[in-house]
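# Topology and contacts: notes
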Amino acid sequence: MNYTDDETLYKELTSTTIPSYEKALGEAESIEREIPELEEMTYQVEGESGDVDEL
């Protein structure tokens, strides 16, 4: 979509772009949870607190 005005951009973002992004994000999160091999790596990166370890 080419920019035409603020109202058109807002409508595009709220009706198409943001919902598509949220759907893709949800699908990516569900796929990631289904891969047991990643759980150990995630735990090592995040540590016990769930935060990413500082280098």
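Below or above, wherever it landed, is the structure these notes cover. (Residues numbered from 1 in each chain as written. Predicted model: local features only at pLDDT ≥ 70, side-chain atom pairs only at ≥ 80, totals over all residues. Heavy atoms only, no water.)

## A short note on the overall build of the chain
Summing up its helical and strand segments, the chain has 2 helices and 0 strands in all. Across the 55 residues that make up the chain, the buried fraction comes to 2%. (Helix = DSSP H or I, 4+ residues; strand = E, 2+ residues; numbered from the N terminus. Buried < 20%, exposed > 50% of the residue type's maximum accessible area, 1.4 Å probe, protein only.)

## Here we look at a nonpolar patch on the surface
Among the surface-exposed residues, Tyr3, Leu9, Leu13 and Ile18 lie close enough to one another that they form a single nonpolar patch of about 340 Å² accessible area. Within the element layout of this structure, Leu9 appears in helix H1 (residues 6-33). With relative accessibility at 31%, the residue Leu9 sits in the partly exposed group. (Patch = residues over 30% accessible without salt bridge, like charges linked within 9 Å, V, L, I, M, F, W, Y side chains within 5 Å. Areas by Shrake-Rupley, 256 points an atom, 1.4 Å probe, with all protein chains shown as cover. Salt bridge = Lys/Arg side-chain N within 4 Å of Asp/Glu carboxyl O.)

## Observations regarding the pattern of salt bridges
Where charged atoms from two side chains of opposite charge come close, those side chains can pair. Going through the model one piece at a time under the given rule, you end up with 1 salt bridge. Between Lys11 and Glu7 there is a salt bridge; the shortest N-O distance is 3.1 Å. Taken as a pair, Lys11 and Glu7 lie in helix H1 at a separation of 4 residues, close to a single helical turn. On the accessibility criterion, Lys11 (48% relative accessible area) is partly exposed.

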